[in-house]
Structures are given as structure tokens and as C-alpha cells.
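Chains, contacts and geometry: an overview
Given next are the chains, with one letter for each unit.
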Amino acid sequence: ADSAGRVHPEPPQPFRSPYQRDHDRIVHSAAFRRLAHKTQVFTGYQGDYHRSRLTHTLEVTGIARTLGRSLALNEDLVETLALAHDIGHPPLGHAGEDTLDELLADEGGFNHNAQALRIMELLETRYPDFPGLNLSREILDAQAARVKGRAAAAIRPATAPLLETQVVDAADSIAYDTHDADDAIELDFVTLEELLELPIVAEAARRTAERYGELAGTDRRRGVIHELVDMQVADLITTSRAEIVRLGIGSVDQVRAHAGAAGQASRLVAHSPAVSRGKAELERFLFQRVYRSDRVMTVRLAAQEKLTRLFRWYCDHPDAMPPRFRQRAGAVGARRSVADYIGGMTDRYLEWDHARRVC
Ligand code: MG
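Calculation rules
- In every chain, residue numbers begin from 1 and rise along the written sequence.
- The predicted nature of this model means local features are confined to residues of pLDDT at least 70 and side-chain atom pairs, given and counted, to a pLDDT of 80 or more, with totals for whole chains, interfaces and linings taken over all residues.
- With hydrogens and water excluded, all non-hydrogen atoms of the structure serve as input to the side-chain values.
- Detection works on a 1 Å grid of protein atoms alone, calling trapped sets that fit a 1.4 Å probe cavities and calling open sets with protein on both sides within 12 Å along at least five of seven lines pockets, with lining residues defined by an atom within 4 Å of a point.
- Grid points are joined across faces, edges and corners, and a volume is the space filled by probe spheres set on the points.
- Each helix corresponds to a stretch of at least 4 residues labelled H or I by DSSP, and each strand to a stretch of at least 2 residues labelled E; elements are numbered beginning at the N terminus.
- Each residue is assigned to one of three groups, with Ala, Val, Leu, Ile, Met, Phe, Trp, Tyr, Cys and Pro labelled nonpolar, Asp, Glu, Lys and Arg labelled charged, and all others, Gly among them, labelled polar.
- In this analysis a donor is any N, O or S atom within 2.8 Å of a metal ion (3.2 Å for sodium, potassium and calcium), and since water is not included, sites may seem incomplete.
- Each residue is assigned to one of three classes by its accessible area relative to the maximum for its type, calculated with a 1.4 Å probe on protein chains only: buried under 20%, partly exposed between the two thresholds, exposed over 50%.
- The pLDDT score gives, residue by residue, the confidence of the prediction method on a 0 to 100 scale.
- Here the nonpolar core consists of buried residues drawn from Ala, Val, Leu, Ile, Met, Phe, Trp, Tyr and Cys, with membership extended through side-chain atoms lying within 4.5 Å.
- Think of a salt bridge as a Lys or Arg side-chain nitrogen and an Asp or Glu carboxyl oxygen that are within 4 Å of each other.
- Here a helix's expected span is defined as the number of its residues, less one, multiplied by 1.5 Å.
- Classification of ring pairs rests on two measures: the distance between centres of Phe, Tyr or Trp rings, Trp counted by its six-membered ring, which must be within 6.5 Å, and the angle between planes, read as stacked under 30 degrees, edge-to-face over 60 and tilted in between.
- The rule is short: NZ of Lys or CZ of Arg within 6 Å of the ring centre and within 35 degrees of the ring normal puts a charge over the ring.

A few words now on empty space enclosed by the protein. Evaluated as defined, the whole model comprises three cavities of 30 Å³ or more. Considered as a void within the structure, the second largest cavity measures approximately 40 Å³ in volume. Lining the second largest cavity are Leu81, His85, Ala142, Gln143, Arg146, Thr165, Val168 and Asp169. Per-element tally for the lining of the second largest cavity: the top contributor is helix α9 (residues 163-186), with three residues.

Now the structure itself:
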């Protein structure tokens, strides 16, 4: 009832709340479907065990819904924000994002959160009477609040993020810290024994042993991964609830006023200092041993070269793009329109198109 509404006014829908409608618009978008074939961390064919952007998104949504329900937030809004949070990712994950950002350095760069906004407001064409998905203002503001780096200045809203937004950011971090550890073991980047040297993982193993006795091999790993999620979720709910009660926060206006005064550093939805420290150690470990490992970096460089060659090819042959990207090139410049087009590709489409166009 308190939504700021949509840019293009639409009559209310009898069976669905505004955010339920936004939820369905996201799920029916092409950008959302393509998450199934976009990289989360592991580019190239490395088996089918590890997470794609789509399954990552679904894990984030489940965790966010648990957090949102426990903190009595708007679940429809939480779920919609979670499903939408990664739709701006180009092919090849952060490798693709970094490459497009360099290629567009003189034109505002490329950022997956800013791109998600372009998709929502402009690039998805599903309705005859307006461009984009015409989502509720709160969805667009939440997405704008996530933009960092070069693109942030032009986009970031003045109002502070809602608790629903803060919960989705926290769920994103809980999901990837944990599932990247799981994928890294499965793909032989690290062993569970090495991970157990980190205090947060050791604590998860202790709790697992307490519940099941001493497990071995894959059973132990599954137990530890499961416990890692549960520990972080429980910690976040307990810590955030205590902080919200302590500050006497009881309305959306109070959330905005608090976060606005305190800035990004002091979010109401946060982990305890011990779990924050444990997560930071786990993230440093994953960064060195996985995200920047030789094995990931070699594949990453090869993939970035392909993306760069394809980008240059389309800049030289803009007429080879589908009509709406060709037309938009006139308004936003050929390079931005090529980035919009390539940004929408899945990893495997990029591979196929590169073989067809450039080789
Ligand atoms: Mg994510």
C-alpha cells in the first residue's frame, strides 16, 4: 500500500500485490532465464555439479525469504529483489564484467548492478506501451543502491536501503561464501581439511560432529556446508533483531532515517563481530585459492580475449546485431549498444557466436 508506484501508471491487479507482479515480471524475463547458462565462478565446462547464476539466485532467494520472514519484512518484496539481484551479469561472470568495464572506460564503464537497472528500465521489451518491465519504484531503488564503482555517482538514490534490500545483500553473501567453498572442494581446488583451518569452518564441523558423530568424506562435507549456512542465518537473524529492537525501529521511515544518518557502514541487518570476522577470513581464502588461482585465471584470460574480439567485431559490424540493438546504437552510441547486446548473451552463446563471427 505504501509503494511509490510505477513510472508508467498501470491499473491495480485483482489477484496479486504490486511486488508479486514484479516477481512474475522478473521470472518471465529473458534476462532471468539466461542466468541458467551464465557463469557464477567457474567458466568453461567443468562438470555440472557447481552453481550457475540461476541456482545461485535460487539459493539466495531461499535464504533471503527465511531472513525476511524471521524479521517480519515484506516477503514478496524480499523474494523479488533476490530473484532480480544478478540479472545484470554479462557472460563469464566477473571476468566478463571487468572486460566490458575496460572496453567502456571512456563511456561510464560497465557494472552488473547498473546493467540490471538498464534491463529493468529499458532492455527487456515485453509490453507494447512502455520499454522495460515497469517495476515498482522500490525494486529500482534497491537495485540502484547496489551499484558501486564508476557507475555509482550517476545512479545511487539519496534514500538509504530498505531492510528488504539489506536482507538480500546479506543472503547473497551467505550463499556465495558457502557454495563457493562447496564447489571448490568438489572441483579439487581445495580440500575440506584445508578449509577446516579457518575458525568459522572448524566451528561448523564441531557442530556437525555434535549432531551426527564423526562423519567422513562427502557426508562430512555436506554436513559442514549445511551447518555453515545455518550458523550464518541464525547469527544474522539474532544480531539484526537485537539491533532493530535496541534502536526502537518500527517503521520504514525510521529505517531510512537511521541508515541515512549512519551510511553504508552501519546497516541494521548485520552479522555479529565474530561471524563477520569468520566470513572475511573465508572470503580471503577463497579469493587466493579459487578466484585468483592459476586454473581459474588461465580460463578467465582466454574467455576475456574472446569477449574482447567479439565486442570489436560488432563495433565494426553493428548491422549484424538484432534490429532493436542496431536502432539503439543511434541514441546511446554503438559501443554501449554492443555492450548491451553482448551483456545479454549466455556463456555458451558467446562461445558459439565467437566461433561464427570471429574465427
Ligand atoms: Mg549474487
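Turning our eyes to something else, we now look at the layout of surface pockets. Here the second largest pocket is characterised by a volume of approximately 520 Å³. The wall of the second largest pocket is formed by 24 residues, among which Thr39, Phe42, Gly44, Tyr45 and Asp347 lie closest to the centre. When contributions to the lining of the second largest pocket are tallied by element, the ones reaching two or more residues are α15 (294-316) and α18 (347-357). Among the residues making up the lining of the second largest pocket, the classes are represented as eight nonpolar, nine polar and seven charged.

To continue, consider the coordination of the magnesium ion. Binding of the magnesium ion to the protein goes through His56 (NE2), His85 (NE2), Asp86 (OD) and Asp172 (OD), at separations of 2.1 to 2.5 Å. On the primary sequence, the residues serving as donors to the magnesium ion are separated as H-x28-H-D-x85-D. Of the two residues, Asp86 sits in the loop between α4 (75-84) and α5 (93-103) while Asp172 sits in helix α9, which places them 86 residues apart along the sequence. For the pair formed by Asp86 and Asp172, the shared burial category is buried.

Mean pLDDT for the chain: 92, with 95% of residues reaching 70 or above. Looking at the elements of the chain, mean pLDDT is at its lowest for helix α8 (residues 152-155), recorded as 64, and at its highest for α4, recorded as 98.

Looking now at the nonpolar core. In terms of nonpolar packing, the biggest core is built from 45 residues, with Ile26, Leu67, Ile87, Met120 and Val167 touching the most fellow members. At the level of secondary structure, the elements contributing two or more residues to this core comprise α1 (18-27), α2 (30-33), α3 (53-70), α4, α6 (112-123), α7 (137-145), α9 and α12 (217-246). In this structure, Val41, Leu195, Ile200 and Leu228 belong to the second largest nonpolar core, which totals 26 residues.

Under the defined criterion, the tally for this structure stands at 31 salt bridges. Across the pair Asp340 and Arg118 runs a salt bridge whose closest N-O atoms are separated by 2.7 Å. A residue pair is termed long-range when its members are at least 10 positions apart, and Asp340 in helix α17 (residues 334-343) and Arg118 in helix α6 qualify at 222 residues. Arg118 sits in the partly exposed class, given a relative accessible area of 21%. A salt bridge links Lys279 to Asp177, with the shortest nitrogen-to-oxygen separation between them at 2.8 Å. Taken as a pair, Lys279 in helix α14 (residues 273-291) and Asp177 in helix α9 lie far apart in primary sequence, 102 residues in all. Shared partners join several salt bridges into a network, and the residues in it are Arg51, Glu59, Asp182, Asp183, Glu186 and Arg221.

A separate point is α12. The terminal C-alpha atoms of α12 lie 43 Å apart, and with 30 residues this matches the ideal 44 Å at 1.5 Å per residue to within 8%. Just downstream of α12, Gly248 is the residue with a positive phi angle, here 65°.

Glancing now at the packing of aromatic side chains. Tallied over the entire structure, the rule returns six aromatic pairs. The interplanar angle of 80° and the centroid separation of 6.5 Å between the aromatic rings of Phe287 and Tyr291 together place this pair among those described as edge-to-face. Note that Phe287 and Tyr291 are positioned in helix α14 at a spacing of four residues, about one turn of the helix. Residue classification places Phe287 among the partly exposed residues on the basis of a relative accessible area of 42%. An aromatic cluster is defined as three or more aromatic residues linked by ring pairs; in this entry it consists of Trp313, Tyr314, Phe325 and Tyr341. A cation over an aromatic ring shows up here: Arg295 above the ring of Phe189, its NZ or CZ 4.0 Å from the ring centre. The side chain of Arg328 reaches across the aromatic face of Phe325, ending 5.4 Å from its centre.

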